[in-house]
Amino acid sequence: MIVLASKSPRRKEILKSLGYEFIICPAKKDEVFDLCLTLDEALEKVALSKGKEVQEQYPDAIILSADTIVCLDHTILGKPKSKDEAFQTLFSLSNRKHQVKTGVCLIYKNQVYSHVETTDVYFRELSKKDIQTYVDSGKCMDKAGSYGIQECDFVDHIEGDYTNVVGLPKHVVESMMKCVAL
């Protein structure tokens, strides 16, 4: 049995597209970053923490957990707390490169596999009207960096894995699943 330790509809879609059958049991812990670690180490630690929490309920299952962040100039851009914050975040990303990082953790019994995937994302120049229209749609509110790549036309190009920007890098999941093939 596979358990996805996330309530993200995007992660659910990606895992389903890989052909896996799974159940969903989101971790309830708050995402707390250890500032004494590098960003990648802290992201892996958060993904591992989520996975271990869910493993307590399903000790014999394969647990897949993840956490995605958006970084601009080494600053984490989380999920916006307001539409004003979403607008400011998108305005700051206009015509710039930023990074999307996803920490992925797969736990099966005593085996732990983790990885941080990084994708460089380049936004085109955004007008205030472009930003406001997207913010008014409300689609920005539950996403790190205040956008979903699959539902906006802000991206000029990316360097790296598209599914990582969506929230779960397919090739990383496939590689980890091969390690625990039953």
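Data block above holds the structure.
Before going into details, it helps to say that this report is about the structure given with it. Because the structure is a prediction, the values reported are computed rather than measured.

**Thoughts on the overall build of the protein**
Then, number 1: What the protein contains, in helices and strands, is 6 helices and 7 strands.
Then, number 2: When the helices and strands of the protein are listed from N to C terminus, the series reads β-α-β-α-β-β-α-β-β-α-β-α-α.
Then, number 3: Taken against the 2.2 N^0.38 rule, which gives 16 Å for 182 residues, the C-alpha radius of gyration of the protein at 16 Å falls within 12% of a compact globule.
Then, number 4: With the C-alpha coordinates of the protein rotated into their principal frame, the extents come out at 50 × 35 × 25 Å.
Then, number 5: When the 182 residues of the protein are sorted by exposure, 47% land in the buried category.
Then, number 6: Within the protein, contacts between residues at least 6 apart in sequence are counted, and of these 69% link residues at least 24 apart.
Then, number 7: As presented, the protein carries roughly 9500 Å² of accessible surface, and 50% of it is formed by carbon and sulfur atoms.
Then, number 8: Placing the 24 positive and 27 negative side-chain charges of the protein at their respective mean positions leaves the two points 4 Å apart.

**Some words on the nonpolar core**
Then, number 1: Ranked by size, the top nonpolar core spans 40 residues in total, and within it Leu64, Leu90, Phe123, Tyr147 and Val173 carry the most contacts.
Then, number 2: Considering each element in turn, this core owes the most residues, 5 residues, to strand β3 (residues 62–72).
Then, number 3: Residues within four places of leucine 90 in sequence aside, it is in contact with Phe123, Leu126, Ile131, Tyr134, Val135, Gly145, Ser146, Tyr147 and Phe154.
Then, number 4: With 10 residues, the next largest nonpolar core counts Cys25, Ala47, Val54 and Ile63 among its residues.

**Thoughts on helix α1 (residues 9–17)**
Then, number 1: Regarding α1, the residues found buried are Arg10, Arg11, Ile14 and Leu15. Looking straight down α1, one finds that the buried residues subtend no more than 130° of arc, so they occupy a single side. α1 presents Glu13 and Lys16 as exposed residues on the side facing more than 90 degrees away from its buried surface.
Then, number 2: Elements in contact with the buried residues of α1: β1 (2–4), β3, α5 (162–166) and α6 (170–179).
Then, number 3: Of the residues one or two after α1, glycine 19 is the one with positive phi, at around 90°.

**Observations regarding the side chain of glutamate 117**
Then, number 1: One can find glutamate 117 in strand β6 (residues 111–123).
Then, number 2: As a buried residue without a salt bridge, glutamate 117 has its nearest oppositely charged side chain in lysine 101, at a separation of 9.8 Å.

**A word on the packing of helix α3 (residues 83–93) against helix α4 (residues 128–137)**
Then, number 1: The interhelical angle for the contact between α3 and α4, taken along N-to-C directions, is 140°, at an axis separation of 10 Å. When the axes of α3 and α4 are compared, the pair comes out oblique. α4 is crossed by α3, and the crossing has right-handed handedness. Contacts from Lys83, Ala86, Phe87, Leu90 and Phe91 in α3 reach Lys128, Ile131, Gln132, Tyr134, Val135 and Asp136 in α4.
Then, number 2: In the contact of α3 with α4, the residues fall into 7 nonpolar, 1 polar and 3 charged.

**Let's talk about the pairing of strand β5 (residues 97–108)**
Then, number 1: The buried count for β5 comes to 10 of 12 residues, which makes it a mostly enclosed element.
Then, number 2: As judged from the 10 bridges shared by β3 and β5, these two strands associate in the antiparallel manner. Paired with cysteine 71 across the two strands is glutamine 99, which belongs to β5.
Then, number 3: Pairing between β5 and β6: 12 bridges, direction antiparallel. Across the sheet, the residue bridging to threonine 102 is glutamate 117, located in β6.
Then, number 4: Linking β5 back to β6 in an antiparallel pair, the connection comprises 2 residues, with lysine 109 at a positive phi of about 55°.

Calculation criteria
Residues numbered from 1 in each chain as written. Predicted model: local features only at pLDDT ≥ 70, side-chain atom pairs only at ≥ 80, totals over all residues. Heavy atoms only, no water. Helix = DSSP H or I, 4+ residues; strand = E, 2+ residues; numbered from the N terminus. Rg over C-alpha atoms; globule rule 2.2 N^0.38 Å. Buried < 20%, exposed > 50% of the residue type's maximum accessible area, 1.4 Å probe, protein only. Contact = heavy atoms within 4.5 Å. Areas by Shrake-Rupley, 256 points an atom, 1.4 Å probe, with all protein chains shown as cover. Lys, Arg positive; Asp, Glu negative; His and termini not counted. Charge placed at Lys NZ, Arg CZ, Asp CG, Glu CD. Core = buried A, V, L, I, M, F, W, Y, C linked by side-chain atoms within 4.5 Å. Arc of directions from axis to C-beta. Salt bridge = Lys/Arg side-chain N within 4 Å of Asp/Glu carboxyl O. Axes fitted to C-alpha atoms, helices over the stretch in contact; angles between N-to-C directions. Parallel < 35°, antiparallel > 145°, perpendicular 65-115°, else oblique. Left-handed = near helix turned anticlockwise from the far one by under 90°. Nonpolar A, V, L, I, M, F, W, Y, C, P; charged D, E, K, R; others polar. Pairing = 2+ DSSP bridges.

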